[in-house]
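# Report on the structure
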Amino acid sequence: QVNLVESGGGSVQAGGSLRLSCAASGYISSAYALAWFRQSPGKEREGIAAIRDGSPFYADSVKGRFTIALDLTKNTLYLQMNRLNAEDTAVYYCAAGMPEKVLSAREYSSWGQGTQVTVSS
């Protein structure tokens, strides 16, 4: 049983930074991938960053700007978001599971409730 709770969302000006946290409870096996997804109104959920067995993966849309990190001592997944722009406005979700593709939402089994990020220009 894995429970995920996101926090850290809010409003920020374009060019600014924000750090999201995802607190996990319950055991997450070494085979699990942990990931961040986002969804804007009218768009499909997009995988933007993931980490599996210590290896990070990023979507092209955020590569170089976002950094995913996992602190096992705190059971917390982080997403550091820099140089934010209006296209980053979305609800951000963290997820855990054993996917075939780490940036594909369909095989993730556990999800957080989401946190809103709004970037104003």
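Before reading on, note that the structure itself is shown above.
Residues numbered from 1 in each chain as written. Predicted model: local features only at pLDDT ≥ 70, side-chain atom pairs only at ≥ 80, totals over all residues. Heavy atoms only, no water.

### Brief notes about the pattern of salt bridges
Counted according to the given criterion, the structure contains five salt bridges. Asp88 is the salt-bridge partner of Arg38, the closest N and O atoms lying 2.8 Å from each other. Pair noted here: Arg38 is in strand 4 (residues 33-39) and Asp88 is in the loop between strand 8 (76-81) and strand 9 (90-97), with a separation of 50 residues, a long-range link. On the basis of relative accessible area, Asp88 is assigned to the buried category, the value being 1%. Salt-bridge contacts for Arg65 lead to Asp88; the nearest nitrogen and oxygen are separated by 2.7 Å. (Salt bridge = Lys/Arg side-chain N within 4 Å of Asp/Glu carboxyl O. Helix = DSSP H or I, 4+ residues; strand = E, 2+ residues; numbered from the N terminus. Buried < 20%, exposed > 50% of the residue type's maximum accessible area, 1.4 Å probe, protein only.)

### Focus: the side chain of Thr76
Inspection of the secondary structure puts Thr76 in strand 8. At a separation of 2.9 Å, a polar atom in the side chain of Thr76 contacts the main-chain carbonyl oxygen of Lys74. (Polar contact = N/O pair within 3.5 Å; in protein donor to acceptor, adjacent residues only side chain to side chain.)

### What to know about the pairing of strand 9
Counted residue by residue, strand 9 has seven buried out of eight residues, so it is predominantly covered. For strand 4 and strand 9, the ladder comprises seven bridges, and the chain directions are antiparallel. Directly across from Leu34, in strand 9, lies its bridge partner Ala96. Inspection of the sheet shows strand 9 paired to strand 11 (residues 115-120) by three bridges, in the antiparallel sense. Bridged to Val91 within strand 11 is Gln116. Sheet topology note: the strand 9/strand 10 (residues 108-111) ladder contains three bridges and is antiparallel. When the sheet's bridge partners are listed, Ala95 is paired in strand 10 with Trp111. (Pairing = 2+ DSSP bridges.)

### So, the state of the cysteines
With the rule as written, the count across this model stands at one disulfide. Between the sulfur atoms of Cys22 and its disulfide mate Cys94 the distance is 2.0 Å. Note on the Cys22 and Cys94 pair: the S-S dihedral is about 60°, so by sign convention the disulfide is right-handed. Of the two residues, Cys22 is situated in strand 3 (residues 18-25) and Cys94 in strand 9; the sequence distance between them amounts to 72 residues. (Disulfide = S-S within 2.5 Å.)

### Focus: the nonpolar core
Judged by nonpolar contacts, the single largest core of 25 residues is most densely connected at Trp36, Leu79, Met81 and Tyr92. In this structure Tyr92 touches Glu6, Leu20, Phe37, Arg38, Ile48, Phe66, Leu79, Met81, Gly114, Thr115 and Val117, once residues within four positions along its chain are discounted. (Core = buried A, V, L, I, M, F, W, Y, C linked by side-chain atoms within 4.5 Å. Contact = heavy atoms within 4.5 Å.)

### So, unusual backbone geometry
Residues other than glycine seldom take positive phi values, yet Asn75 does so here, at roughly 50°. Mapped onto the elements of the fold, Asn75 is located in the loop between strand 7 (66-71) and strand 8. With a phi close to 50°, Arg83 is a non-glycine residue in the positive phi region. Here Arg83 shows up in the loop between strand 8 and strand 9.

Without other data, these values stay purely geometric and don't point to any function.
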